[in-house]
Amino acid sequence: MAGAWGKPHMSPESLSGKRRLEPEQERHPQEVAVTKHCDSSQPPLLGDTDSSLSDSEESVFSGLEDSGSDTSEDYADGADGADGDKDSNGTEETSEEQAGPPGPRTEEEGALTRDEYEEDSSDEEDIRNTVGNVPLAWYEDFPHVGYDLDGKRIYKPLRTRDELDQFLDKMDDPDFWRTVQDKMTGRDLRLTDEQVALVQRLQKGQFGDLGFNPYEPAVDFFSGDVMIHPVTNRPADKRSFIPSLVEKEKVSRMVHAIKMGWIKPRRPPDSTPSFYDLWAQEDPNAVLGRHKMHVPAPKLALPGHAESYNPPPEYLPTEEERLAWLQQEPGERKLNFLPQKFPSLRTVPAYGRFIQERFERCLDLYLCPRQRKMRVNVDPEDLIPKLPRPRDLQPFPVCQALVYRGHSDLVRCLSVSPGGQWLASGSDDGSVRLWEVATARCMKTVLVGGVVRSIAWNPNPAICLVAAAMDDAVLLLSPALGDRLLVGSTDQMLGAFTPPEEPTLQPARWLEASEEEHQRGLRLRICHSKPVTQVTWHGRGDYLAVVLSSPGHTQVLIHQLSRRRSQSPFRRSHGQVQCVAFHPTRPFLLVASQRSVRIYHLLRQELTKKLMPNCKWVSSLAVHPAGDNIICGSYDSKLVWFDLDLSTKPYKVLRHHKKALRAVAFHPRYPLFASGSDDGSVIVCHGMVYNDLLQNPLLVPVKVLKGHTLTRDLGVLDVTFHPTQPWIFSSGADGTIRLFS
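Just so it is clear, the structure is predicted and the values come from calculations on it, not from any experiment. (Residues numbered from 1 in each chain as written. Predicted model: local features only at pLDDT ≥ 70, side-chain atom pairs only at ≥ 80, totals over all residues. Heavy atoms only, no water.)

Draft legend 1. The sheet that holds strand β28 (residues 672-677), seen in detail. Read from one edge of the open sheet, four strands run β27-β28-β29-β30, paired in antiparallel fashion. This sheet does not close on itself; its edge strands, each paired only once, are β27 (661-666) and β30 (698-706). The average undirected angle you get between the axes of adjacent strands in this sheet is 20°. Here strand β29 (residues 681-688) pairs with β30 via eight bridges, running antiparallel. Bridging from a neighbouring strand, V684 pairs with K703 of β30. (Pairing = 2+ DSSP bridges. Helix = DSSP H or I, 4+ residues; strand = E, 2+ residues; numbered from the N terminus. Axes fitted to C-alpha atoms, helices over the stretch in contact; angles between N-to-C directions.)

Following this line, the structure appears as structure tokens:
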């Protein structure tokens, strides 16, 4: 029968699983069993089994194959009859001569057994492990995993592989991903393609059977057609025509419960409506009276002498009183009727307002509130925030002081010198004009030959330069005003530049001015590939940023004046850039797009914060001198204040203007900020920022300045504050510049 079980015939020494091999004899268990079978000239002794070995030592060379061989050997011996002799310990002693060829009866039984197990379709994972439904966690600390049919231990396979070996197997073995461990036997199994496909279908929520169609047409087994033969010709059961004893017992219980009154039969509902007086019970001890919020019915006023059919003469109205009563509104009348006098009660006619009064009485009854509501006594004046008076927030500009006239077209941009003595303006008439602030006198006019969209005076007092954006170039002009030594030092600084031997590829070209242009005040020209919409200086005066009207990552460029280098700080675009600004104290660059404001750290080259102004289109941007607050103007007439220490959402949204905002500005010294709009007005607000982080900024509008006339539906195009005085300059579409002080 050993052949029937697919295992070689083994000697009792190998079947016992209790003998430890020597180191030089460490071979495969089957080889050891075969060797002992061949070298079985002498029967083994019972004392050869070393019972002093531990379980861990026993499991070194013991496996499931040995346990399976034991079972098959015992079955073979048991089926062979009583030919084998058992010793006192139950160990069967066999020899090579006794294990001869099987007889015909043995071959027949082996064939029957072989056919039976080959055609077995049971779902057992491994018939050798007969541990049953015992949790395998009980065997974690033991060298075996269960017991076979003879009660012998089934030892776990050796697993001496560490994580490094598993990783190497994972890298080398292409079938590692389909190898799983059998928990019942502890061995590795390789899933077939059909099993992998089955697992994938189950993971996707599909049916396990590939050929199963869940949408097959339904078979109408019971059709509506009358058939000759019945579907089932099964005779009726006997219980179908014999009264049920169980139902009889249930009915008897229900009858007893009805007699005892435990179950009451349902009565038909009464169809007659039931009415009751809601306000009848006004007794405080009643149900409604005990309710805290109970409101009694409004009482009717008792009739007086005026309602009598024969009132005293003093209650009868005169003709003038009757006419006055008719001319009054119904709600203003003291009485809703005119007293009349009748000689007897029999002569009193029917009351004409009887139905109306009964209806009003019903309204009073069912519309009376059933619950008292505690009204919060709040003064509407207390809901308005307590703002200081504008005269307590002075100084701020209150009236128009000067008008600067000279431009023939709309003035788009303004800029004041760091000392506050000179003013530069750019217009659509193709000129840049330099004004004296105190006298409104035009000191110099520079024709640039194009529309000047932005202008910025260098904030460094040691450099006398003005940057103007015209078409696709940025012009660096020398005003030649004020201190001649300052003008000379600026020209000397520009002339001391030596170009590098190997020119580098830059996004802009730096061109020297010709002799004729030099006489007009032009010093440098920075040419770009697209039109320039804005130019702004860094606080130190060596860097300036420009905004180009071109889609892509080259919308913003930064130029360095001392080294005449240009660079594009961004690699990709986040929308159309409207304006940019440098942080006054930190290495930040603020970039305003249509829907957001992004703050970049120039040294770390990373995005620090993204502000969401909740506006349709951002038009302008200004940074507080302290650097912790930002204001944005938008074309949907909103002014948004951001507190960078508070949140990325607006701290406050001001909607004082009626049309689009064109420009916003902070005062360098005073707590003031202003906004200019297409409605032709400039609104000056008090914006106090406190050093205490727990106190929010105080925003109070203090003055509305008007003076510009609307031209082509455009009003104020730019605003800027004087650097030292509480004055504000505004440029408009009417071609004028106005100073408010």
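There is more to say, and it comes next.
Draft legend 2. Molecular detail of the side chain of D643. With respect to the helices and strands, D643 occurs in strand β25 (residues 639-643). Although D643 is buried, it makes no salt bridge; K609 carries the closest opposite charge, 8.0 Å away. Here D643 is in contact with D628, N629, Y651 and P697, once residues within four sequence places are set aside. (Buried < 20%, exposed > 50% of the residue type's maximum accessible area, 1.4 Å probe, protein only. Lys, Arg positive; Asp, Glu negative; His and termini not counted. Salt bridge = Lys/Arg side-chain N within 4 Å of Asp/Glu carboxyl O. Contact = heavy atoms within 4.5 Å.)

Draft legend 3. How the structure looks around the packing of aromatic side chains. Applying the stated rule across the entire model yields eight aromatic pairs. Consider the rings of Y404 and W435, whose centres lie 5.7 Å apart with planes at 75°: the pair is edge-to-face. With Y404 in strand β5 (residues 400-405) and W435 in strand β8 (residues 431-436), the pair connects residues that are 31 residues apart, well separated along the chain. For the pair Y404 and W435, a shared accessibility class is recorded, and that class is buried. With 6.3 Å between their ring centres and 70° between their planes, W617 and Y635 make a pair best called edge-to-face. Residue W617 is located in the loop between β22 (606-611) and β23 (618-623), and its partner Y635 is located in the loop between β24 (629-634) and β25; the two are separated by 18 residues in the primary sequence. The partly exposed category is assigned to Y635, whose relative accessible area is 36%. Here the aromatic residues Y404, W435 and F729 are joined through ring pairs into a cluster of three or more. Between the NZ or CZ atom of R333 and the centre of the ring of W325, over which it lies, the distance is 4.1 Å. (Phe/Tyr/Trp six-rings, centres within 6.5 Å; stacked < 30°, edge-to-face > 60°. Lys NZ or Arg CZ within 6 Å of the ring centre and 35° of its normal.)

Draft legend 4. Focus on unusual backbone geometry. Following Q394, the chain continues into P395 via a peptide bond in cis, with omega recorded as 10°. With respect to the helices, strands and loops of the structure, P395 is situated in the loop between α11 (380-383) and β5. Even without being glycine, D471 reaches a positive phi, approximately 55°. Here D471 shows up in the loop between β11 (466-470) and β12 (473-477). Exposure remark for D471: the relative accessible area of 41% places this residue in the partly exposed category. In the Ramachandran plot, Q605 falls in the positive-phi region, its phi being about 60° despite a non-glycine side chain. Among the secondary structure elements, Q605 is positioned in the loop between β21 (597-601) and β22. A residue is classified by how much of its surface remains accessible, and Q605, at 72% relative accessible area, is exposed.

Draft legend 5. Up close: the sheet that holds β23. Spatially, four strands are ordered β23-β24-β25-β26 in an open sheet, and the strand pairing comes out antiparallel. Across the chains shown, the open sheet's two edge strands, defined by having one partner strand only, are β23 and β26 (652-654). Adjacent strand axes in the sheet meet at a mean angle of 20°, parallel and antiparallel pairs treated alike. Both β25 and β26 contribute to a ladder of three bridges, which runs antiparallel. Note that in β26 the partner of V640 across the bridge is V653.

Draft legend 6. Summary view of empty space enclosed by the protein. As enumerated under the stated definition, the model contains four cavities of 30 Å³ or more in all. Around the second largest cavity sit 14 residues that line it, and S573, H574, G575, V577 and V591 are the ones nearest its centre. Of all the secondary structure elements, the ones that give two or more residues to the lining of the second largest cavity are β20 (588-593) and β21. (1 Å grid on protein atoms, 1.4 Å probe; cavity = no way out; pocket = protein on both sides within 12 Å on 5 of 7 lines; lining within 4 Å. Points joined across faces, edges and corners; volume = space filled by probe spheres on them.)

Draft legend 7. Looking closely at the UniProt feature "repeat: WD" (unreviewed entry) in the chain. As annotated by UniProt and renumbered to match this structure, "repeat: WD" (unreviewed entry) occupies residues 404-445, 654-684 and 716-741. For residues 654-684, the end-to-end C-alpha separation is 12 Å, with 0% helix and 55% strand making up the annotated structure. (UniProt positions renumbered as here; feature names shortened; annotations may be inferred.)

Draft legend 8. Spatial organisation of the pattern of salt bridges. Enumeration according to the criterion identifies 17 salt bridges in this entry. A salt bridge links D409 to R712; its shortest N-O distance comes to 3.1 Å. A residue pair is termed long-range when its members are at least 10 positions apart, and D409 in the loop between β5 and β6 (411-416) and R712 in the loop between β30 and β31 (716-721) qualify at 303 residues. Given the relative accessible area of 26%, D409 is considered partly exposed. For R712, a relative accessible area of 57% puts it in the exposed group.

Draft legend 9. Representation of the nonpolar core in the model. Among the nonpolar cores identified, the biggest contains 20 residues, and A467, V474, V535, W537, V546 and L561 are the most heavily contacted of them. Contributing elements (two or more residues each) for this core: β11, β12, β14 (522-527), β15 (532-537) and β16 (543-548). Core analysis: the second largest hydrophobic core is formed by 19 residues, A424, W457, M470 and L481 among them. (Core = buried A, V, L, I, M, F, W, Y, C linked by side-chain atoms within 4.5 Å.)

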